[in-house]
Amino acid sequence: MEERKPLIAGNWKMNLDIGDAVNLVRSIGASLAAGGTDREVLIAPPFTSLQAVKEAIGDSRIFLAGQNMHWEMKGAYTGEISGRMLQQVGCTHVILGHSERRTLFRETSNMVDLKVKSAVLLGLIPIVCIGESLEERESDRTFAVLEDQLNASLQNFRADELMPGSTILAYEPIWAIGTGKTATPEQAQEVHAFIREWIEKTFGQVPAREVRILYGGSVKPSNIEELMSMPDIDGVLVGGASLKADQFIPIIHYGT
Ligand code: 13P
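These figures come from a predicted structure and were not determined experimentally.

**Student:** I'm lost on the pattern of salt bridges in this one. Help?
**Tutor:** Oppositely charged side chains are able to pair whenever their charged atoms sit close together. One pass over the structure, following the stated rule, counts 10 salt bridges. Of the charged contacts, one joins Glu107 and Arg101 as a salt bridge, the two residues approaching to 3.1 Å between their closest N and O atoms. Members of the salt-bridge network, linked through shared partners, are Arg4, Arg196, Asp232 and Asp234.

Structure representation (structure tokens):
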């Protein structure tokens, strides 16, 4: 991969019923068919909508992702979904280690690491989320926290000394999620550059060039263009604004 293709991803979290999910994906598909953008578009609906959304995607170029998975292939894990199950309903990607999983459901970086390993074994592309809290930022610990999260969430890659170039990272400062407070493009760029340097020093130049790093946290039509103008921001992971066609579609088609 010579150039990192922009990726616009929507994380629907625990929102939209099946009918609304299908309507939204149809609108997104129609907008892609109408306007010649070659950006990659991805959505991560709740598990219960995946099948219907996959059918509604049809031939449109929309990638489907799970919002989480378990690292085991099957077994007595009540309430969990395996990577293979996600693939069976058409997912090519999976979001792992979202801060809501880490903080509300006590998911640790070690668990994220097991999930990343399992996803890659299956051929699912992981979107691995990291991000600092407001308190960590204000006490000047942002880079140390992110480095710890990267080291621990990608332990298996480090043991193999290999990071697949298809891996996607998402930098989501917790203080910017759902708060309306976006990191400034310069703040985000500074962190993205730090993450890319970490990839280079840990895995070498090729993955540092290939891995896409998304920004997430209050992305909206009014700030997408500035964020995407930064050299190390390769895409966005959008929460609230991905739930409405009149916001997500302008985000996908930013600058056109
Ligand atoms: P918001 O866009 O609602 O801030 O959410 C960001 C996010 O958590 C995406 O994964």
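**Student:** It is not clear to me how the site of the ligand should be interpreted in this structure. Could you clarify?
**Tutor:** Neighbouring residues of the ligand: Asn11, Lys13, His98, Glu172, Ala176, Ile177, Gly178, Gly217, Ser218, Leu237, Gly239 and Gly240. Ser218 places a polar main-chain atom, nitrogen or oxygen, 2.8 Å from an oxygen atom of the ligand. Within the backbone of Gly240, one N or O atom sits 2.8 Å away from an oxygen atom of the ligand. Burial of the ligand by the surrounding chains reaches 95%, relative to a free accessible area of 310 Å². In a pocket analysis with a 2 Å cut-off to the grid points, the ligand is assigned to the second largest pocket. Partitioning the shell around the ligand into residue classes produces 3 nonpolar, 7 polar and 2 charged.

**Student:** Looking at this structure, I do not really get helix 1 (residues 18–34). What am I missing?
**Tutor:** At 3.6 residues per turn, the α-helix brings residues three or four places apart onto the same side. Across its 17 residues, helix 1 extends 24 Å between first and last C-alpha, which sits within 8% of the 24 Å expected from 1.5 Å per residue. Listing the buried residues of helix 1 in full gives Ala21, Val22, Leu24, Val25, Ile28, Gly29, Ser31 and Leu32. Contacts made by the buried residues of helix 1 are with strand 2 (40–44), helix 2 (50–57), strand 3 (62–66) and helix 12 (245–252).

Conventions used here
- Residues numbered from 1 in each chain as written.
- Predicted model: local features only at pLDDT ≥ 70, side-chain atom pairs only at ≥ 80, totals over all residues.
- Heavy atoms only, no water.
- Salt bridge = Lys/Arg side-chain N within 4 Å of Asp/Glu carboxyl O.
- Near = heavy atom within 4 Å.
- Polar contact = N/O pair within 3.5 Å; in protein donor to acceptor, adjacent residues only side chain to side chain.
- Areas by Shrake-Rupley, 256 points an atom, 1.4 Å probe, with all protein chains shown as cover.
- 1 Å grid on protein atoms, 1.4 Å probe; cavity = no way out; pocket = protein on both sides within 12 Å on 5 of 7 lines; lining within 4 Å.
- Sits in = over half its atoms within 2 Å of the grid points.
- Nonpolar A, V, L, I, M, F, W, Y, C, P; charged D, E, K, R; others polar.
- Helix = DSSP H or I, 4+ residues; strand = E, 2+ residues; numbered from the N terminus.
- Expected span 1.5 Å × (residues − 1).
- Buried < 20%, exposed > 50% of the residue type's maximum accessible area, 1.4 Å probe, protein only.
- Contact = heavy atoms within 4.5 Å.

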